[in-house]
Structure formats: structure tokens, C-alpha cells
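Chain residues, written in single-letter form:
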Amino acid sequence: MRAVVLASGGLDSTLLARLASEEGYDVFPLFVDYGQLAADTELSHCKEAMGNNEIRSPVVADLKGFGELIPSGLTNADLHIVDQAFTPGRNSLFLLSAASYAVTIGAKTIMIGLLDEKYHLFSDQTKAYLENAESFLSLAVGQAISIKAPLMAFSKQEVIAMSEAKDIGQTYSCHVGSAVPCGVCIACKEFDIEGE
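Residues numbered from 1 in each chain as written. Predicted model: local features only at pLDDT ≥ 70, side-chain atom pairs only at ≥ 80, totals over all residues. Heavy atoms only, no water.

**Student:** Summarise the nonpolar core; cite the residues concerned and give the values.
**Tutor:** Membership of the largest hydrophobic core comes to 39 residues, with the highest contact counts inside it found for Val4, Leu95, Ile110 and Leu130. For this core, the secondary structure elements donating two or more residues are β1 (2-6), β2 (26-33), α4 (90-105), α5 (127-141) and α7 (186-189). Take this core: its biggest share by element is eight residues, from α4. Setting aside its immediate chain neighbours within four residues, Ile110 contacts Val4, Leu95, Ala98, Ala99, Ala102, Leu137, Ile145, Ser146, Ile147 and Lys148. Ranked by size, the runner-up nonpolar core spans 23 residues in total, among them Ala20, Leu43, Met50 and Ile55. (Core = buried A, V, L, I, M, F, W, Y, C linked by side-chain atoms within 4.5 Å. Buried < 20%, exposed > 50% of the residue type's maximum accessible area, 1.4 Å probe, protein only. Helix = DSSP H or I, 4+ residues; strand = E, 2+ residues; numbered from the N terminus. Contact = heavy atoms within 4.5 Å.)

Encoded structure:
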């Protein structure tokens, strides 16, 4: 039973890949380079994180042009990393890439590391979005595709605790891409949220 897991080298996607593997899925990690500032740092950590969890190395979707076409604080250093973080269509790009890749390897399941939607900031991080995306993607790729987001049952603090319990190893969650996480971007700030 194969599954394409969207992997960024961050805490959420690394835990997701580990959980999928433990559930018996043959995990095919997919790293999407959409032109994000942190792409090189994320990919390096993604390869290391997958290896540390005995999961195959990620396949890379080189879609850098997306970030040039759709500039945001995540893809353009001249834009504000927080105030202009929303990148329209980003999660749709991820899911379409994963679904299309799934067809080529005979998988019917794709997974994304979204958390409990009460913490979501953007419209493409909700259960309703995923339900609609599942219908669209199944039509787009010509076969039934199941989108799983098991971490939507948890807060960031719960994900951190689960990751520590499973000892998933070093991950990287910062949109800037610097060697030391910036502490300012949305990904960094998630680690400061306490049971909201």
C-alpha cells in the first residue's frame, strides 16, 4: 500500500511520514520546490530526516517558477515574511503534484501535514478545503485519490510531544532558510503557541 507524503523537512511532515510508515504504508516522500526562500535548507533537512526515520529519500518536484509567478513573503525576500506569507494556490500545487505523482507509482493515497484547523491562518488549511480538493484531484488525475491529513486532530504542541516521544530526529521549520531559525516567521512562531 503506497502513499505519497508531502515532505518539507519540517516537524509536521517528518512526523507524518513516520506515522504513515508505522501504519504500514510504503512511503514515497515528495518535496516541492515552489521557489520558496528556504528551499535548499528544507531539502537538505528533508533528506536527512527521511534517512533518520528509515524512509526513502524524497523525490523533488522542481516548480521554482511558481514562486516567481506568485510572489509572497515565502518566495520573495523583498516582501514581508509574515504579513505577506499567504501564497495563493500553494497547498493546491502541493496536492496536485502529489496526486499526479501518485498515479505514476500506483498509489491512491496522498498525505499532507496540516494541523487542527482551529489554528489555521489560510483558507487552504481546512477540512472543507481538503474534501473539495479530493474531488477535484480525483477528476484531474482520472482515478480516485484519497487525501489524508491525520495531524488535523492535533495542535502544534501535541505534534511536538509526539515527535519527541517517537524521537524523529532533527527537523527544520523556518520560512527564511537561515542556518538558525529566524524566530519571526509563521513556522517559527507556531512553536510558541501554547494550547490556544
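**Student:** I'd like to hear about the side chain of Thr87, residue by residue, with values.
**Tutor:** On the secondary structure map, Thr87 appears in the loop between α3 (65-69) and α4. Sequence-distant contacts of Thr87, defined by excluding residues within four places in its chain, comprise Phe66, Ile70, Ser72 and Leu74.

**Student:** I'd love a proper account of the packing of aromatic side chains, names of residues and values included.
**Tutor:** Counted under the stated rule, the structure contains two aromatic pairs. Aromatic pair Phe86 and Phe122: ring centres 5.0 Å apart, planes at 35°, arrangement tilted. With a gap of 36 residues between them, Phe86 in the loop between α3 and α4 and Phe122 in the loop between β4 (109-111) and α5 connect regions that are remote in the sequence. Here Arg56 stacks its cationic end above the ring of Phe28, 3.8 Å away from the centre of that ring. (Phe/Tyr/Trp six-rings, centres within 6.5 Å; stacked < 30°, edge-to-face > 60°. Lys NZ or Arg CZ within 6 Å of the ring centre and 35° of its normal.)

**Student:** Just give me the short version of the environment of Leu16, but keep the residues and values in it.
**Tutor:** Position of Leu16 relative to the elements: it lies in helix α1 (residues 11-22). With relative accessibility at 0%, the residue Leu16 sits in the buried group. Remark: the alpha-carbon pair of Leu16 and Ile186, spanning 170 residues in sequence, is separated by 20 Å. Once you skip the residues sitting within four places of it in the chain, Leu16 turns out to touch Val5, Met111, Ile112, Gly113, Pro150 and Leu151.

**Student:** So what's going on with the pattern of salt bridges? Which residues, and what values?
**Tutor:** Throughout the structure, instances matching the rule amount to eight salt bridges. Salt-bridge contacts for Glu22 lead to Arg18; the nearest nitrogen and oxygen are separated by 2.9 Å. Highlighted residues: Glu22 and Arg18, both in helix α1, separated by four residues, approximately one helical turn. A residue is classified by how much of its surface remains accessible, and Glu22, at 44% relative accessible area, is partly exposed. Its salt-bridge partner being Lys64, residue Asp62 comes within 3.1 Å of it at the nearest N-O pair. By relative accessible area, Lys64 is classed as partly exposed at 41%. (Salt bridge = Lys/Arg side-chain N within 4 Å of Asp/Glu carboxyl O.)

**Student:** With reference to specific residues and values, describe the sheet that holds strand β5 (residues 146-148).
**Tutor:** Overall, parallel pairing links the five strands, which are arranged β3-β2-β1-β4-β5 in an open sheet. Only two strands of the sheet have a single partner each, and these edge strands are β3 (59-62) and β5. Going across the sheet, the axis of each strand differs from the next one's by a mean of 30°, ignoring polarity. The sheet contacts of helix α2 (residues 39-52) involve β2 and β3, and relative to β2 the element is tilted by about 170°. Seen against the sheet, α5 touches β4 and β5 and runs at an angle of roughly 150° to β5. (Pairing = 2+ DSSP bridges. Axes fitted to C-alpha atoms, helices over the stretch in contact; angles between N-to-C directions.)

**Student:** Go over the pairing of β1, please, and point to the residues and values.
**Tutor:** The buried fraction of β1 amounts to four of the five residues, a majority that puts the element mostly inside the structure. Pairing between β1 and β2: five bridges, direction parallel. Residue pairing across strands places Val5 opposite Pro29, the latter belonging to β2. Sheet analysis places β1 next to β4, joined by three bridges and oriented parallel. When the bridges of β4 are listed, Ala3 appears paired with Thr109.

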